[in-house]
Structure formats: structure tokens, C-alpha cells
Protein chains: 2
Amino acid sequence: MNGDPVPGRRVPDATVARLPLYLRALAGMAEAGQQSTSSEELASAIEVNPSQVRKDLSGLGITGRRGVGYQVSDLLGQIRSELGLTQSWPVVIAGVGNLGQALANYGGFGERGFEVVALVDADPARIGEEVAGHHVRDIRELDQSARDLVVVIGMICTPGPVAQEVADRMVACGIRSILNFAPALVSVPTGVRVRQVDLSVELQILAFYEQQQDAGDWSPAPAKR
Amino acid sequence: MNGDPVPGRRVPDATVARLPLYLRALAGMAEAGQQSTSSEELASAIEVNPSQVRKDLSGLGITGRRGVGYQVSDLLGQIRSELGLTQSWPVVIAGVGNLGQALANYGGFGERGFEVVALVDADPARIGEEVAGHHVRDIRELDQSARDLVVVIGMICTPGPVAQEVADRMVACGIRSILNFAPALVSVPTGVRVRQVDLSVELQILAFYEQQQDAGDWSPAPAKR
DNA sequence: CAGTGTGAACCTTTTCACAGCA
DNA sequence: TGCTGTGAAAAGGTTCACACTG
């Protein structure tokens, strides 16, 4: 199945971004008891071209059977292993406002091997509160918590202005991957990865296309993501 | 009318995706009382190449002064108008679980011209509740609400399995842009736009790169500044 | 001069087309 | 026969280099 003898080399970023989508589609098929699938079925499930699917998979060294397709269970295992989801990843959330609480309670993480193990905040009123089965701790204990729990992934759910400070603190205690929901860019030393998720950015992009439609009538609606 | 290589205005998707980032950077500058800026400053604020900035702007027909730079206030106005943020967009949220509530309370939308005007849910226990200053209404009244309030943007914050059903309902009442937070792809007729935001996808991508580092030899990955 | 505007080179990603194999 | 695997072409996006101008 895997334990990959490391087939090709570097996986294109665009492929990496699609792996979670394949995973979701495959999980659905497996749950429905489906045994095998095709590049065409996968492609339509995630809305890309079938050759794209074949390129992605073959680039990972994953191979199907010609004339037949891919084995759902194999594929599931291989992609899961490629994404590093065979282990469980402890995660810390900084900032337990509305968004932080929502994420702490969000079931989708656990299902995929991410376990929220600590919540921290700077607001004294919040410290000690119980959220999603955890005590909220003082952010100044982050160092302690992160090391104790071997956390390497942190999520920032604070207001924008303090995001950088929180990120620095995370980096200082050995966190190497940060998912930043605060509406501010944070900068980190090389070797640390940041992904930015700004909810209002997505809305603004929708507004752009909405307004395009109103303004000048383009004949064919692209309909692309 | 003709679907040909139109000389005028076709903004590349990649540019559109950067506009909200420019906007945020510019808003910060304006707030700090800064009068003018350069492609270099903007570039470093959003972490792209300066020529990228000049390409983006000139592609929008926005022009600076050679040897000088761009006027912050002008630029702000032009990008805001390009994004359609001179008007206010009424938005409806379907699903008031943790995430829906967080979004309903999220300040970042209002600042940018998105106003949450209605919350709907299918759970009888939730209907009538007060969330973020709104009564939660029965999702079956969505049609009524959406038309009354001229909503064209909807956010889906329901569990995955009902997302498609909710999307269909939204489309049926005239909503043309959907931001889908549910972990499921929804399909819609052409002319309706969907953007998918899956919180666990982002985490999975981080996990991939995290694992890469652990696994392999240390051929210094670019790690782009 | 400092910093924009832009053609051309370059790189990444997607799509096409078809050979190859169960 | 049906569907994978993959070179080759096309499209899309980014970076370079430099002419140009206030």
C-alpha cells in the first residue's frame, strides 16, 4: 500500500492542494461500500479534468489498473499517508472568541486526525473558562503547553492587531505550521509555514464577480470555482 | 456579446484574488495618514513581486505617476470600486451552529460592506433564538426573507450532508453567489458562483508540508520569502 | 533619478491526444 | 474494449529587463 519508497520527487503545490479533496471524495465512496473508482468519477467529484486526476496520482507514484480503474481502499490509504494523516496531529488554538470557539468545537478536524489539545487566550476574563472540554489557559503558558503536548501546528483566531505577537510566541515554542485566521499578514522565519485564511477575502471575491455580471453582460458565465 | 478575445476588460482570476489583499494594505496606510505608496511597498505588504503589483494595477487601468508612485486614497477608491464595495451587500447565513454564529458575529464583514441581514436554520430548537441581533428564522422562510431583503449572497454553515439541499434552496430564491463552509461540494446551475472554504483542507495542506520536512532529506525547499 | 508601464522570457499548471495494457 | 499513463501542446501566471517620464 504505502510506506512509499518515495517514487517521484517534488509534488507540485497545485496537486497538494487537491489531495484533501480527493480524500473527501474517496471517504464518501468507501463509506458507501464502493470498491473501485475511475479518474473520471474522481474528476467529476472534485470538478477537475480526468487527466488532471491521472497526472496527480501518477505523480505521487500511485498507479491504477488500465482498463479498470483505482481501488478505493488503496487510494484512500495512499493519499492519507501522503498527507501525513496516519498519525494524529496535536493542535493549539490561540484566541477563543467566536471563531476560536467554533473551531474548537468543529468536528471536521478530529475526523481527519487533528486533535485540539489546548486553547489559550490573553483575556483574563476568559482564562479558566471551559470551552469544548478544555480549560482556556493563559497565553503566557503557551510555551509550557506546546512543549508538553508536542504541538507543531497552531491556529491564530485573535483580532488582527495581535496576530503577529501571537505568531512570534508560537514560533518561539517550536510551532512550525500556523493557520492564521486573523485578518493580518504575519511574518515568520524561514522554515515555518503560514497559511492565511481570511473569511472576508472570499466574500470580496464573490462580490467582484457578482458586480461583473451586473455591469457588462459577458455572454458565457465561466462558472469556474 | 461576442465571446472573442475582447481587448478591454478581462481581469485574471489571480489578480482578483489579490485585490482584497491590496485593499487591506491600503486601508492600513490610509489609516496611518500615509499619502502615497509604491509598487515596492505594496508588494512587500502582500508578499509578491513588485512587477506583479504594477501588472495588476495597470491591468485594471489604474495608473500611477512615474518616478513617484501611487496615491493611496485614489488607489483605495479604485480598488474598492473594482471589487464592488462601494455598495453594501446583504448576506444571509444558513446554519447557526458554532461556525454560523461565529460568522454572524464576525466584525470583519461589516467593515467591508457585507451586512448579515438574516439567519436561517432547519433545527426547530434553534428557530426563534436570538443570535447576533437577529431572530433565527425557519429555513423554509428563506425564500421570503431573501426576496424581501434583496439578498444575492448566501453563506452555508450547515453540516455537509444538507449543504446541497440548502444551496438548491438558495438558488431557487435568487441567490447568485454562495460561500460554502460545509465540507461538501455543492453543484449549482451556470450563472451561480460558489466558493468553497473548507477549514480542514487548510490544515491538511499544512500537515503535508510538515511531514515533508520530517521525512526527507534536507534539500532546501525554496520556502519563498 | 526614482519608480512606473510593458513586451518578452520563463515557469507552472492544465488540457489534449494517443499509445499501452489488463 | 475501457481506462490508465504520459509525452506534447496550450493556457495561465510570474518575473525580468528596460524604455520612458514626471
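Before reading on, note that the structure itself is shown above.
Residues numbered from 1 in each chain as written. Chains lettered and ligands numbered in written order. Predicted model: local features only at pLDDT ≥ 70, side-chain atom pairs only at ≥ 80, totals over all residues. Heavy atoms only, no water.

Caption draft 1: How the structure looks around the protein's contact with DNA strand D. Taken together, 23 residues lie around DNA strand D, and S39(A), R54(A), T63(A), G64(A) and Y70(A) are the ones closest in. For DNA strand D, the fraction of protein-proximal atoms (within 4 Å) that sit in sugar or phosphate groups is 62%. In the environment of DNA strand D, a phosphate oxygen lies 3.5 Å from a nitrogen or oxygen atom belonging to the side chain of S58(A). Counting residues per element, the ones that place at least two in the surface near DNA strand D are α3 (50–59) of chain A together with α1 (13–31) and α3 (50–59) of chain B. Sorting elements by how many residues they give to the surface near DNA strand D places α3(B) first, with 4 residues. Looking at the surface near DNA strand D residue by residue, the classes come out as 4 nonpolar, 10 polar and 9 charged. (Near = heavy atom within 4 Å. Polar contact = N/O pair within 3.5 Å; in protein donor to acceptor, adjacent residues only side chain to side chain. Helix = DSSP H or I, 4+ residues; strand = E, 2+ residues; numbered from the N terminus. Nonpolar A, V, L, I, M, F, W, Y, C, P; charged D, E, K, R; others polar.)

Caption draft 2: Seen up close, the environment of V188(A). All names here are of chain A. By the secondary structure assignment, V188 is in the loop between β8 (177–180) and β9 (193–196). Classification of V188 as partly exposed rests on a relative accessible area of 25%. Along the primary structure V188 and Q164 are separated by 24 residues, whereas in three dimensions their C-alpha atoms are 8.7 Å apart. Not counting chain neighbours up to four residues away, the residues in contact with V188 comprise V171, I178 and V194. (Buried < 20%, exposed > 50% of the residue type's maximum accessible area, 1.4 Å probe, protein only. Contact = heavy atoms within 4.5 Å.)

Caption draft 3: Just the packing of aromatic side chains, in detail. All names here are of chain A. By the definition in use, this model includes 4 aromatic pairs over all chains. On the numbers, 4.8 Å between centres and 85° between planes, the contact of Y106 with F109 is edge-to-face. For F109, a relative accessible area of 1% translates into the label buried. (Phe/Tyr/Trp six-rings, centres within 6.5 Å; stacked < 30°, edge-to-face > 60°.)

Caption draft 4: Quick peek at the pairing of strand β6 (residues 134–138) of chain B. Residue and element names in this part refer to chain B. Summarising the sheet, strand β4 (residues 114–121) and β6 pair through 3 bridges and their orientation is parallel. Across the sheet, residue L119 finds its bridge partner in β6, namely V136. Bridge analysis of strand β5 (residues 130–131) against β6 gives 2 bridges, and the strand direction is antiparallel. Note on β6: the bridge partner recorded for E130 is H135. The loop that links β5 with its antiparallel partner β6 comprises 2 residues; one of these, A132, has a positive phi angle of about 50°. (Pairing = 2+ DSSP bridges.)

Caption draft 5: Summary view of the relation of the copies chain A and chain B. Superposing chain A onto chain B takes a rotation of 180° plus a shift of 0.1 Å along the axis, which leaves an RMSD of 0.1 Å. The relationship between the two copies is best expressed as a two-fold rotation axis. The share of interface residues of chain A whose copies in chain B are also at the interface is 93%, consistent with both copies meeting through the same surface. (Least-squares fit on C-alpha atoms with pLDDT ≥ 70 in both.)

Caption draft 6: Quick peek at the protein's contact with DNA strand C. With respect to spatial proximity, 23 residues lie near DNA strand C, and among them R18(A), S39(B), R54(B), T63(B) and G64(B) are the closest. In DNA strand C, atoms within 4 Å of the protein come 61% from sugar and phosphate. A distance of 2.8 Å separates a phosphate oxygen of DNA strand C from a polar atom in the backbone of G64(B). Those elements that provide at least two residues to the surface near DNA strand C are α1 (13–31) and α3 of chain A together with α3 of chain B. A total of 4 residues in the surface near DNA strand C trace back to one element, the largest contributor, which is α3(A).

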